[in-house]
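Commentary on secondary and tertiary structure
The chain contents come next:
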Amino acid sequence: MSREIAFHQALSEAVALMMEADDRVFIFGEGVPDPKTIFGSTAGLKERFGEERVFDTPLSENGLTGIAIGAALAGMRPVMTHQRIDFALLAMDQIVNHAAKRCYTSGGKQGVPVTIRSIIGRGWGQGSQHSQSLHAFFAHIPGLKVVMPVTPHDAKGLLIASIEDNNPVMFIEHRWLYNVIGHVPEGIYRTPLGPGKLFREGKDVTIVAISYMVMEALRAADMLAKEGLEAEVVAVQTLRPFDDSMILDSVRKTRRLVVADTGWETVGFSAEIVARVAEKLHGTLRAAPRRVALPDCPTPTTPALANHYYPRAIHVANVVAEMADLPAETTLLETPTTVPLDVPDKNFPGPF
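Residues numbered from 1 in each chain as written. Predicted model: local features only at pLDDT ≥ 70, side-chain atom pairs only at ≥ 80, totals over all residues. Heavy atoms only, no water.

Attention now goes to the side chain of Gln132. Checked against the element boundaries, Gln132 lands in the loop between strand S5 (115–120) and helix H7 (135–139). Taking the relative accessible area as the measure of exposure, Gln132 reaches 15% and is therefore buried. From its side chain, Gln132 meets the backbone oxygen of Ser128 in a polar contact 3.4 Å long. (Helix = DSSP H or I, 4+ residues; strand = E, 2+ residues; numbered from the N terminus. Buried < 20%, exposed > 50% of the residue type's maximum accessible area, 1.4 Å probe, protein only. Polar contact = N/O pair within 3.5 Å; in protein donor to acceptor, adjacent residues only side chain to side chain.)

Structural data, given as structure tokens:
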């Protein structure tokens, strides 16, 4: 019988199963045992495993990341949490110059099996310093693995695989996905790090999406279907290692590419995807690849500006419509491109 639970419950279950199976696993970070339990993603862990394996920390990201790395080198498998990926910037030296380099500088003799959870996405007006999508920063670093799950099933499977991995993993979660409900098997299972995931088949255009933008891409595909266009939606859930084979196979078929990213457009991960396709499928494309991403300015705080800032399904659909040369009178192109986010969506979580 199919069991459905929320994304945040899948995360909590993954950690609980790993802590039960392996005494070396522990979880710590700002807000881990807090009553809000990081949007429910650490609920019940303190009560079940105690304060020695589930505990809060001071506001000292750099030092505490160093402790996590030291524990990993000593044989433990720590799971560290940053309630915002912005806070991980305070620990860049530890993550980039130590955790990511240890395997290489030790000649493969030492790994750093630490999983660093962090959150991206718009909140309640948190603005430029608490809602950035910095996944491209970390995906640029050899030695780090970067994971961005989309579904509850893969959130659990990818987190288990990350905790078991002998390399440091940046596990990046979008806050708008926490309440998404989906099928999640009981027990321990693993979703492999690397491969993409096909969410929808189509023949006219490939939409490659990252994190929450998969949800918007699926909405866009529904819009496009009403105009007679069949969009194929492929998710990138592991940015490093990045297996581009599914994307290439899809673009060979559709010969059009649109990339939807939660980060900034300039030098974002969307550029890496476009570059891979351009290098490996030169001459195949019917139109220039397009990107849908954040504008190149800091995140605004006020809803009046934020409602213009974040791309939604209509932005993705409009780009595809332009690429496919749909008639100017199509209703799709007449849809406003500014969509308020102040009302939660009935199918997917809103900003609350």
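After that view, the rundown keeps rolling.
Moving on to the pattern of salt bridges. Summed over the entire model, instances satisfying the criterion amount to 19 salt bridges. Two residues, Asp22 and Arg24, come together in a salt bridge whose shortest N-O distance is 2.9 Å. Accessibility expressed as a relative area gives 37% for Arg24, which makes it partly exposed. Taking the shortest distance from any N to any O, the salt bridge between Glu216 and Arg219 comes out at 2.8 Å. (Salt bridge = Lys/Arg side-chain N within 4 Å of Asp/Glu carboxyl O.)

With that settled, the discussion passes to the domain arrangement of the protein chain. By the assigned domains, the protein chain splits into domain 1 (4–183) and domain 2 (197–332). With both chains or domains summed, domain 1 and domain 2 bury close to 2,300 Å², and 61% of this area falls on carbon and sulfur atoms. By the criterion of area lost to domain 2, the three top residues of domain 1 are Arg122, Met148 and Val150, representing 25% of everything that side buries. With its nearest N and O atoms 2.7 Å apart, the salt bridge here joins Lys197 to Asp154. Broken down by secondary-structure element, the contributors of at least two residues to the side of domain 1 that touches domain 2 are H7, strand S6 (145–147) and helix H8 (152–164). Here the side of domain 1 that touches domain 2 is composed, by residue class, of 16 nonpolar, 11 polar and 3 charged. (Domains from an automatic or database assignment. Buried area = accessible area lost by both parts, 1.4 Å probe. Nonpolar A, V, L, I, M, F, W, Y, C, P; charged D, E, K, R; others polar.)

With that settled, consider the sheet that holds strand S2 (residues 25–29). With mixed pairing, 7 strands are arranged side by side in an open sheet as S3-S2-S4-S5-S7-S6-S12. The outermost strands of the open sheet, each flanked by one partner alone, are strand S3 (54–55) and strand S12 (238–240). In this sheet, strand S4 (residues 77–82) lies alongside S2 in parallel orientation, the contact comprising 5 bridges. Looking at the pairing, Phe28 lines up with Met80 of S4. Against the sheet, helix H4 (residues 61–73) touches S2, S4 and S5, its axis set at about 165° to S4. (Pairing = 2+ DSSP bridges. Contact = heavy atoms within 4.5 Å. Axes fitted to C-alpha atoms, helices over the stretch in contact; angles between N-to-C directions.)

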